[in-house]
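Read off the chains here:
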Amino acid sequence: MADSTPSIPSRGIPSRQWRGVLHEYADRLDITEATPIVTLGEGGTPLVPAPALSARTGANVYIKFEGMNPTGSFKDRGMTMAISKAVEHGAKAVICASTGNTSASAAAYATHAGITAAVLVPEGKIAMGKLSQAIAHNAELIQVQGNFDDCLDLARDLSANYPVHLVNSVNPDRINGQKTAAYEVVEVLQDAPDFHLLPVGNAGNYTAYSRGYTEELERGVTTKLPRMFGFQAAGSAPIVLGHPVKNPDTIASAIRIGNPASWELALAAREATDGYFGAITDEHILAAHRLLSAEVGIFVEPASAIGVAGLLERSEAGVIPAGATVVITVTGHGLKDPQWALRTADGDDVKPTVVSVDAAEIAGVLGLQKAAS
Ligand code: F0G
């Protein structure tokens, strides 16, 4: 149980280990002495300057690398909060619907707390890495013959009628945990950025960042709200279209959602921040995915690259002025869904060169000339 977590001995040296978002932001979250803190050390993720993207756009572009969280996605920020509160309220089991990352996170935090996680995922539609995580962390993994939206309806129904606690982002603890990412951006930049770009599925994270930034403005720590730009995959873009999408379709499986749970909250956040929602084709998502890995050095899952595609599109449209500070959240690690890196831009398989055990042959392949002796 979280309560019995040993402290790390300091030997007189001040400990610099990041303690997870509930400890780091205890005074700004709804926790008390009675809240058992269930943490895997989430948050404290790097804000990485991206010169390759700045050079392309003339803006000052930073990447908030959320794949660096314990289970490899931003979900951990909300899950530490949701599981801690669930345990505080005596829950023995939690349930969620998921396109993969929420299930991995719920499974890890629930097992750390000694409780059960039941996760409902659309059959055959979640990335192998995420499926493996949920199973590894002992979740009751149930594949539903339906899409994510069906899974969320079922999870709501089950939590209303059975003793299982819902930990999807309709649970306000999730959004409150996730808003800490905005606090971290502000701590690094010493103000809010001019623009914040991110993927949108259920629109929980879009809502969470705008809440975090709003709080920072109200505290007087920042001088402005960033304009919040959210991006959906073109085949799965209900907010952009203004109506639910019955059979959402995109290679970005994490955001294959036709009826976002936080739709209304997201529209309010767009209004408050002079924000924007746009749709991006799968082709442009994959191009941004390659650009991030090949030129910035950050490996993400396809859905996570959509903010970068959005930056290029909005920059070309003349909306993002030169010199603007832009933060893009990349939400999940590339190792969760690595297959996309093994395809060329034309959709062919990447074929690594094979050689014999021969240095001269390798030098030839690499185009190296022998150094003069
Ligand atoms: N990026 C990734 C990698 C995600 O897994 C998700 C959502 C999003 C972006 C969108 O965030 O829903 O707050 O707008 N994944 C959920 C899941 C639905 O079940 O893992 P959102």
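As the structure is a computational prediction, the values presented were derived from the model and not from experiment. (Residues numbered from 1 in each chain as written. Predicted model: local features only at pLDDT ≥ 70, side-chain atom pairs only at ≥ 80, totals over all residues. Heavy atoms only, no water.)

### Considering the sheet that holds strand 3 (residues 93-97)
Keep this limit in mind: Whether two strands pair comes down to DSSP finding at least two bridges between them. Secondary structure elements follow DSSP: runs of H or I no shorter than four residues count as helices, runs of E no shorter than two count as strands, and numbering proceeds from the N terminus. Here, two residues are considered to be in contact whenever any of their heavy atoms come within 4.5 Å of each other. As a rule, the C-alpha atoms of each element are fitted with a line to give its axis, helices using only the stretch in contact, and angles between N-to-C directions run from 0 to 180 degrees.
Strand order in this open sheet of four strands is 5-4-3-6, and the pairing throughout is parallel. The sheet is open, and its two borders are formed by strand 5 (140-144) and strand 6 (165-166), each paired with just one other strand. When strand 3 meets strand 6, the two strands line up parallel, connected through two bridges. For Ile95, the partnering residue across the bridge sits in strand 6 and is Leu166. Helix-sheet contacts for helix 6 (residues 148-161) involve strand 3, strand 4 (116-122), strand 5 and strand 6, and the interaxial angle to strand 3 is about 155 degrees.

### Some details on the pairing of strand 4
Selection rule: Classification of residues uses two cut-offs on accessible area relative to the type maximum, computed with a 1.4 Å probe and protein chains only: under 20% is buried, over 50% is exposed, and between them is partly exposed. Clockwise travel from the first strand over the helix to the second, with the strands pointing away from the viewer, marks a crossover as right-handed.
Burial runs high along strand 4: six of the seven residues are buried. Here strand 3 runs beside strand 4; their pairing, made up of five bridges, is parallel. Following the sheet pairing, Ala93 is matched in strand 4 by Thr116. A crossover connection joins strand 3 to the parallel strand 4 through helix 4 (residues 101-113); in handedness this β-α-β unit is right-handed. Two strands pair when backbone bridges link them, and strand 4 and strand 5 are joined in this way by five bridges, in the parallel orientation. From the neighbouring strand, Val119 faces strand 5, where its bridge partner is Leu141. Read as a crossover between parallel neighbours, the route from strand 4 over helix 5 (residues 128-136) to strand 5 is right-handed.

### So, the UniProt feature "binding site: pyridoxal 5'-phosphate" (unreviewed entry) in the protein
Filter applied, for reference: UniProt positions are given in the numbering used here, feature names are shortened, and annotations may be inferred rather than shown by experiment. A cavity, in this analysis, means grid points on a 1 Å lattice covering only the protein atoms where a 1.4 Å probe fits yet has no way out; a pocket is instead an open set bounded by protein on both sides within 12 Å along at least five of seven lines, and a residue lines either one if it has an atom within 4 Å of a point.
The positions UniProt marks with the feature "binding site: pyridoxal 5'-phosphate" (unreviewed entry) are Asn101, Gly201, Asn202, Ala203, Gly204, Asn205 and Thr331. Looking only at the residues we just named, the largest cavity is lined by Asn101, Gly201, Asn202, Ala203, Gly204, Asn205 and Thr331. Along the chain, Asn101 falls in helix 4. Judged by relative accessible area, Asn101 falls into the buried class, the value being 6%. Here Asn101 is in contact with Ser73, Lys75, Lys130, Ala254, Glu301 and Lys336, once residues within four sequence places are set aside.

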